[in-house]
Amino acid sequence: MSEETLWVKDVEMGKMVGLTSIAQDDLGSITFVMLPKVGKEIKIGDPIVELEAEKAVVEYDSPVAGTIVSINEEAEKNPKLLDEKDAWLYIVK
């Protein structure tokens, strides 16, 4: 399931994880996001991100393992940013 809903991209800091267009279509307009804390150790399959939107409330499991080194703080303040193409959620190393 996560392959359809979350993408993973190699970046300088590690692996960036974000929402696919399929997930965005399924959710509709995103109204709330809860991201992991920087420094948190995660394993593949750990529940990591919670999103509330007009069509659904979902919790996504992490497709990668490691330590959270960065989160999209702007999206936490303004969840509508996650409605944009290639919206990212967090980076692990």
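Please read all numbers here as calculations on a predicted model, not as lab measurements.

## Side note on the sheet that holds strand 6 (residues 57-61)
Stage number 1. One open sheet holds the 3 strands; their spatial order is 3-5-6, and the pairing between them is antiparallel. A strand with exactly one partner marks an edge of an open sheet, and here the two such strands are strand 3 (30-34) and strand 6. In this sheet, adjacent strand axes meet at a mean angle of 20° when their direction is disregarded.
Stage number 2. Relative to strand 6, strand 5 (residues 47-53) runs antiparallel, the two being bridged by 5 bridges. Within strand 6, the residue paired with P47 across the bridge is D61.

## A short note on the UniProt feature "domain: Lipoyl-binding" (unreviewed entry) in the protein chain
Stage number 1. According to UniProt, the feature "domain: Lipoyl-binding" (unreviewed entry) maps to residues 14-93 in the numbering used here.
Stage number 2. For the annotated span residues 14-93, helix accounts for 15% and strand for 45% of the residues, and the straight-line distance between the end C-alpha atoms is 5 Å.

## Here's the deal with the nonpolar core
Stage number 1. Grouped together as the largest cluster of nonpolar side chains are 23 residues, with contacts concentrated most on L19, V49, L51, L82, L89 and Y90.
Stage number 2. For this core, the secondary-structure elements that each account for two or more residues are strand 2 (14-19), helix 2 (21-27), strand 3, strand 5, strand 7 (66-71) and strand 8 (88-92).
Stage number 3. With 4 residues, the single largest contributor to this core is strand 5.

## Digging into the pattern of salt bridges
Stage number 1. Applying the stated rule across the entire model yields 3 salt bridges.
Stage number 2. Ionic pairing is found between D10 and K15, a salt bridge with its closest N-O pair at 2.6 Å.
Stage number 3. On the basis of relative accessible area, D10 is assigned to the exposed category, the value being 59%.
Stage number 4. Judged by relative accessible area, which is 34%, K15 ranks as partly exposed.

## Comments concerning unusual backbone geometry
Stage number 1. Of note, D86 is a non-glycine position whose phi angle comes to about 60°, a positive value.
Stage number 2. Examined against the element boundaries, D86 turns out to sit in the loop between helix 3 (73-77) and strand 8.

## So, the pairing of strand 1 (residues 6-11)
Stage number 1. The sheet contact formed by strand 1 and strand 2 spans 6 bridges and is antiparallel. By the bridge assignment, D10 is partnered in strand 2 with K15.
Stage number 2. Here strand 1 folds back onto strand 2, and the loop between the two strands holds 2 residues.

The rules behind each value
Residues numbered from 1 in each chain as written. Predicted model: local features only at pLDDT ≥ 70, side-chain atom pairs only at ≥ 80, totals over all residues. Heavy atoms only, no water. Pairing = 2+ DSSP bridges. Helix = DSSP H or I, 4+ residues; strand = E, 2+ residues; numbered from the N terminus. Axes fitted to C-alpha atoms, helices over the stretch in contact; angles between N-to-C directions. UniProt positions renumbered as here; feature names shortened; annotations may be inferred. Core = buried A, V, L, I, M, F, W, Y, C linked by side-chain atoms within 4.5 Å. Buried < 20%, exposed > 50% of the residue type's maximum accessible area, 1.4 Å probe, protein only. Salt bridge = Lys/Arg side-chain N within 4 Å of Asp/Glu carboxyl O.

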